[in-house]
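Survey of secondary and tertiary structure
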There are 2 protein chains.
Amino acid sequence: MPIDIVVDAMGSDKAPEPEVRGAILAARQFDVRVHLVGPEDIVRPVLRSHLKGQKLPVFIVPATEWITMTDKAASAVRSKRDSSMRVGVKMVREGRAAGFFTAGNTGAAMATAKMVFGMLAGVDRPALATILPTISGSPSFLMDVGANVDSEPENLCQFAVMGSIYARDVLGIANPRVGLLSIGEEDSKGNALTRDTLPLLRNLPINFIGNVEGRDLFNNNTDVTVCDGFVGNVALKSVEGAAHLFRSLLRESLKSTVTSQVGALLSRQAFGDFKKRLDYSEYGGAPLLGVRGVCIVGHGSSNDRAIMNGIRVAAEFAQAKVNSEIEAAMNGH
Amino acid sequence: MPIDIVVDAMGSDKAPEPEVRGAILAARQFDVRVHLVGPEDIVRPVLRSHLKGQKLPVFIVPATEWITMTDKAASAVRSKRDSSMRVGVKMVREGRAAGFFTAGNTGAAMATAKMVFGMLAGVDRPALATILPTISGSPSFLMDVGANVDSEPENLCQFAVMGSIYARDVLGIANPRVGLLSIGEEDSKGNALTRDTLPLLRNLPINFIGNVEGRDLFNNNTDVTVCDGFVGNVALKSVEGAAHLFRSLLRESLKSTVTSQVGALLSRQAFGDFKKRLDYSEYGGAPLLGVRGVCIVGHGSSNDRAIMNGIRVAAEFAQAKVNSEIEAAMNGH
């Protein structure tokens with residue numbers, strides 16, 4: 001039976017083009033019905049031009065406005081009552097769809113989901129998670145990357161339980177290793193938050209492996225890594241900045257000699273493979289955990305492939321019944 | 001007139017080989033006299049074999065023990081009274097040398113420098129700084145990357161003043177832009193620490209540009225970036241982990257097809273250039289700012305080139321009289 005997924009058609013930097021194309025790709029490849037939310041006069045012509053008469057389960061849900069990347073999250077959520085984001089999240093809350101995906105303003109998406117869905121019983125604060133690539137090819141799940149700052153030990157404990165369940169049920173990692181992001185492996189290393197959190201994590205029914213460091217995020221030493229959202233956001237954006245620098249320097253270096261130009265040409269296939277393995281779009285976006293509903297946030301630069309994968313991940317998240325598992329774990333059932 | 005620099009001969013992972021070779025390179029290229037501290041029976045034969053009879057101002061200062069990478073910093077500093085690190089730092093305190101370089105245990109180096117040198121007047125806590133590469137080629141100075149955790153706003157303010165002076169006097173950046181590492185550009189973005197620190201930074205006689213994000217570290221939007229040592233250490237190690245992953249994936253991808261093998265061969269020159277631009281060894285290590293003396297800490301994996309550059313940076317740091325500038329600024333002169 002197909003699963004219904006709502007997509008904010010006006011989220012990404014190039015909306016609605018990637019959203020429409022991603023929805024079509026997903027409808028073709030997965031057992032999903034995709035609902036694109038946005039102004040009908042904008043989305044309809046794009047959808048029609050790409051469908052080219054094909055019959056696919058891709059539908060349009062009207063919304064008169066949308067939140068931009070430069071909108072302030074809090075005020076946009078309050079003032080834009082009929083935004084594509086809000087209409088989409090409401091469809092999920094009302095049971096008309098199983099999950100929501102947006103490549104739009106992350107802050108607004110988190111605020112909307114928190115407000116419209118509410119929190120899961122036993123969870124105090126939501127956490128935004130991201131998936132990082134590793135040397136072994138297995139995903140590395142880092143949370144929180146920006147839903148909260150100034151977390152308390154109890155928040156990190158809840159993140160650990162939620163992340164552990166998500167990694168097991170959606171990422172398919174049996175008995176996921178959970179690490180606490182710190183600045184040394186020994187228990188004594190870290191700041192006040194990590195030192196207070198460490199003993200609490202040891203008492204949870206998870207596979208806790210102790211403190212891990214920034215470099216462990218990429219070397220398959222940990223499956224799920226928890227941290228405060230300020231720390232996680234700084235780490236994530238630093239890594240994104242470094243990755244951008246690597247690519248630029250590599251491109252420049254390859255261009256700098258004629259021999260290299262030939263080399264670069266011949267290496268193109270290898271670079272394609274390399275890029276794919278690092279590529280954000282393969283992972284399909286960041287789940288927001290802790291809210292009473294399924295919400296996946298993609299990168300603003302998402303292409304059609306990233307949107308397609310975001311829809312896939314939303315469907316997997318919904319089908320795995322992660323949220324009822326989380327509530328059961330939080331409330332000791 | 002040559003300047004005297006002390007080098008911990010037993011610091012790096014492959015000590016004393018890189019230290020001895022780096023000292024010889026430095027003595028050849030710069031106007032320095034290098035004092036290698038370590039057990040004479042270990043260092044002497046290596047020095048003799050590399051000097052091959054040349055007359056160069058490289059000397060050995062005896063020390064009977066040394067601190068390893070796996071030693072706990074605090075206890076090693078207390079128990080190993082005649083370590084190469086301690087003997088070296090003491091030489092600087094006693095005025096027998098202008099600066100100290102080690103590629104050894106960072107925690108032990110910081111603890112030793114703090115204990116033996118003491119703090120500069122007006123500075124409450126030292127900060128370890130690192131230099132990151134940027135797209136424009138200009139250095140990006142990030143501090144603190146691990147000397148302290150749970151910093152107070154006053155600490156970050158002192159870091160900003162110290163970093164600003166170092167960037168101007170040693171890195172040669174006129175009127176360096178100082179940013180506060182946060183999770184959004186707006187003043188309201190950040191955690192309790194950054195929000196409390198922001199207005200204080202605005203009142204300092206520095207070129208403060210407001211909040212910056214992780215990705216700004218690499219895109220030449222900021223010259224000096226201040227943060228708490230836990231946050232900076234996590235960011236730095238995350239970036240190191242990502243860089244390692246990036247190189248591994250690239251190597252694998254290039255090996256995966258015959259065409260790529262040819263391409264890789266031809267691209268070798270370009271990769272050499274690329275690696276050099278990213279290479280830690282070109283930057284010569286991380287200064288520890290705030291202590292009453294010159295201390296540069298290099299990476300454990302430092303090669304001879306990195307050691308040579310570390311010696312150069314220690315000499316530049318000492319000659320620029322950064323510490324008296326910092327004391328003057330801190331005490332309103």
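On a predicted model such as this, the values are computed, not experimentally measured, just so you know. (Residues numbered from 1 in each chain as written. Chains lettered and ligands numbered in written order. Predicted model: local features only at pLDDT ≥ 70, side-chain atom pairs only at ≥ 80, totals over all residues. Heavy atoms only, no water.)

1. Observations concerning the overall build of chain A
We count it as follows: Counting from the N terminus, the helices are DSSP H or I runs at least four residues long and the strands are E runs at least two residues long. Radius of gyration here uses only the C-alpha atoms, and the compact-globule reference equals 2.2 Å multiplied by the residue count raised to the power 0.38. Buried, partly exposed and exposed residues are distinguished by accessible area as a fraction of the type maximum, computed with a 1.4 Å probe on protein chains only: under 20%, between the cut-offs, and over 50%, respectively. Residues count as neighbours in contact if any of their non-hydrogen atoms are within 4.5 Å of one another. Here the accessible surface of atoms and residues is derived via Shrake-Rupley with a 1.4 Å probe, and residues count as covered only by protein chains that are part of the display.
Regarding its fold elements, chain A presents 12 helices and 11 strands. In terms of overall dimensions, chain A is globule-like: its C-alpha atoms have a radius of gyration of 20 Å, near the 20 Å expected for 333 residues. In terms of its C-alpha atoms, chain A occupies a principal-axis envelope of roughly 60 × 60 × 40 Å. Burial status across chain A gives 59% buried among its 333 residues. Look at the contacts in chain A between residues 6 or more apart in sequence, and 72% of them connect residues 24 or more apart. Accessible area of chain A: about 13000 Å², with a carbon and sulfur share of 51%.

2. Describing unusual backbone geometry
Note that the residue after Met143 of chain A, namely Asp144 of chain A, is joined by a cis bond; omega there is 5°. Structurally, the position occupied by Asp144 of chain A is in the loop between strand E6 (140-143) and helix H6 (153-169). Residues Ala15 of chain B and Pro16 of chain B are joined by a peptide bond in cis, for which omega reads 0°. Residue position: Pro16 of chain B is located in the loop between strand E1 (3-8) and helix H1 (17-29). Even without glycine at this site, Asn220 of chain A takes up a positive phi of about 65°. Mapped onto the secondary structure, Asn220 of chain A falls in the loop between strand E8 (207-212) and strand E9 (224-226). The backbone of Asp150 of chain B shows a phi angle near 55°, a positive value even though the residue is not glycine. Positionally, Asp150 of chain B belongs in the loop between strand E6 (140-143) and helix H6 (153-169). Asp150 of chain B gets classed as partly exposed once you look at its relative accessible area, which sits at 32%.

3. Re the side chain of Ser151 of chain B
Residues and elements named next belong to chain B. Our working definition: Any pair of nitrogen or oxygen atoms within 3.5 Å is treated as a polar contact; in protein, a donor-acceptor pairing is required on top of that, and neighbouring residues in sequence qualify only through side-chain atoms on both sides.
Along the chain, Ser151 turns up in the loop between E6 and H6. According to the relative accessible area criterion, Ser151 is buried, its value standing at 8%. A polar atom in the side chain of Ser151 sits 2.8 Å from the side chain of Asp228. Those residues in contact with Ser151, other than ones at most four positions away along the chain, are Arg125, Leu156, Phe159, Leu193, Asp228 and Gly229.

4. Let's talk about the domain arrangement of chain A
Residues and elements named next belong to chain A. The test is simple: For each domain, the first and last residues come from an automatic or database assignment. Once two parts are put together, the accessible area they lose, assessed with a 1.4 Å probe and summed over both, is termed the buried area. For this document, the term salt bridge refers to a Lys or Arg side-chain nitrogen within 4 Å of an Asp or Glu carboxyl oxygen. Under the scheme applied, nonpolar residues are Ala, Val, Leu, Ile, Met, Phe, Trp, Tyr, Cys and Pro; charged residues are Asp, Glu, Lys and Arg; polar residues are all the others, including Gly.
Partitioning chain A into structural domains gives domain 1 (1-123 + 283-333) and domain 2 (131-252). The C-alpha centroid of domain 2 is placed 25 Å from the C-alpha centroid of domain 1. Facing 19 residues of domain 1, the contacting portion of domain 2 comprises 16 residues. Summed over both partners, the interface of domain 1 with domain 2 buries about 1500 Å², with 74% contributed by carbon and sulfur atoms. Per-residue buried area on domain 1 facing domain 2 is highest for Tyr283, Leu289 and Met330; these three make up 36% of the total on that side. Applying the counting criterion to the domain 1 and domain 2 interface returns one salt bridge. As a salt-bridge pair, Arg168 and Glu325 come within 3.2 Å of each other at their nearest N and O atoms. Taken together, the connections running from domain 1 to domain 2 amount to two residue pairs in polar contact (both at pLDDT 80 or more). Listed by contribution, the elements that provide at least two residues to the side of domain 1 that touches domain 2 are strand E10 (286-289), helix H11 (304-319) and helix H12 (322-330). Residue composition of the side of domain 1 that touches domain 2, by class: 14 nonpolar, three polar and two charged.

5. What to know about the pairing of strand E2 (residues 32-38) of chain A
Residues and elements named next belong to chain A. Applied cut-off: Pairs of strands are assigned from DSSP output, requiring at least two bridges between the strands. With the strands aimed away from the viewer, a crossover counts as right-handed if its path from the first strand over the helix to the second runs clockwise.
Summarising burial for E2: six of the seven residues are buried, a large majority. Judged from the six bridges that link them, strand E1 (residues 3-8) and E2 form a sheet pairing that is parallel. Bridge assignment links Ile5 to a residue of E2, and that residue is Val34. With helix H1 (residues 17-29) bridging E1 and its parallel neighbour E2, the resulting β-α-β unit is right-handed. Taken together, the five bridges between E2 and strand E3 (residues 58-62) define a ladder with parallel strand orientation. Paired with Val37 across the two strands is Val61, which belongs to E3.

6. Brief notes about the packing of aromatic side chains
Cut-off, in case you're wondering: Stacked, tilted and edge-to-face are the three classes applied to pairs of Phe, Tyr and Trp rings, where Trp contributes its six-membered ring and a pair requires centres within 6.5 Å; stacked means planes under 30 degrees apart, edge-to-face means over 60, and tilted covers the rest.
Taken as a whole and judged by the stated rule, the model has five aromatic pairs over all chains. Judged by centre distance (4.5 Å) and plane angle (35°), the rings of Phe246 of chain A and Phe246 of chain B are tilted. Here Phe246 of chain B lies in helix H8 (residues 229-255) and Phe246 of chain A lies in helix H8 (residues 229-255), a pairing that spans two chains. In this structure, Phe246 of chain A and Phe246 of chain B share a single accessibility class: buried. On the numbers, 5.0 Å between centres and 10° between planes, the contact of Phe141 of chain B with Tyr166 of chain B is stacked. With Phe141 of chain B in strand E6 and Tyr166 of chain B in helix H6, this pair connects stretches of sequence that are 25 residues apart. Each member of the pair, Phe141 of chain B as well as Tyr166 of chain B, is classed as buried. Ring pairing ties together the aromatic residues Phe141, Tyr166 and Phe317 of chain A, which thus form one cluster.

7. Some remarks on the nonpolar core
Quick note on the threshold: Only buried Ala, Val, Leu, Ile, Met, Phe, Trp, Tyr and Cys residues count toward a nonpolar core, and they belong to the same one when joined by side-chain atoms within 4.5 Å.
Within the largest apolar cluster, 156 residues are counted, with the highest numbers of intra-cluster contacts made by Leu36, Met143, Tyr166 and Ile311 of chain A. Sorting elements by how many residues they give to this core places H8 of chain B first, with 11 residues. Once you skip the residues sitting within four places of it in the chain, Ile311 of chain A turns out to touch Ile5, Val7, Gly22, Ala23, Ala26, Val32 and Val34 of chain A. Of all hydrophobic cores here, the second largest spans 63 residues; its members include Ala103, Ala129, Val170 and Met308 of chain B.

8. A closer look at the environment of Cys157 of chain B
Residue and element names in this part refer to chain B. Summarising the element assignment, Cys157 is placed in helix H6. On the basis of relative accessible area, Cys157 is assigned to the buried category, the value being 11%. When the C-alpha atoms of Cys157 and Leu289 are compared, they prove to be 13 Å apart, with 132 residues separating the residues in sequence. If we ignore the near neighbours within four places in the chain, the residues touching Cys157 are Thr197, Leu200, Leu201 and Leu204.

9. Some remarks on the pattern of salt bridges
What the rule picks out here adds up to 34 salt bridges over all chains. Glu186 of chain A is the partner of Lys72 of chain B in a salt bridge, and the nearest nitrogen-oxygen pair spans 3.6 Å. Taken together, the positions of Lys72 of chain B in the loop between strand E3 (58-62) and helix H3 (73-79) and Glu186 of chain A in the loop between strand E7 (177-181) and helix H7 (192-202) put the pair across two chains. Residue Glu186 of chain A is classed as partly exposed on the basis of its relative accessible area of 30%. With its nearest N and O atoms 3.3 Å apart, the salt bridge here joins Glu240 of chain B to Arg215 of chain A. Residue Glu240 of chain B is located in helix H8, and its partner Arg215 of chain A is located in the loop between E8 and E9; the two belong to separate chains. Classification of Arg215 of chain A as partly exposed rests on a relative accessible area of 32%. Through salt bridges with shared partners, one network takes in Glu213 and Arg215 of chain A together with Lys237 and Glu240 of chain B.

10. Considerations on the packing of H6 of chain A against H12 of chain A
Residue and element names in this part refer to chain A. Worth spelling out the cut-off: Note on method: axes are straight lines fitted to C-alpha atoms, helices fitted across the in-contact stretch only, with angles between N-to-C directions ranging 0 to 180 degrees. Angle categories: roughly parallel below 35 degrees, roughly antiparallel above 145, roughly perpendicular from 65 to 115, and oblique for all the rest. By convention the crossing between two helices is left-handed if the near helix lies anticlockwise of the far one by an angle smaller than a right angle, and right-handed if it lies clockwise.
Between H6 and H12, the least distance of the axes is 10 Å, while the angle of their chain directions is 140°. Accordingly, the angle class assigned to the pair H6 and H12 is oblique. Taken as a pair, H6 and H12 cross one another with a handedness that is right-handed. Between H6, through Gln158, Val161, Met162, Ile165, Tyr166, Arg168 and Asp169, and H12, the contact on the second element is made entirely by Val322, Glu325, Ile326, Ala329 and Met330. Classifying every residue of the contact of H6 with H12 by side-chain character gives eight nonpolar, one polar and three charged.

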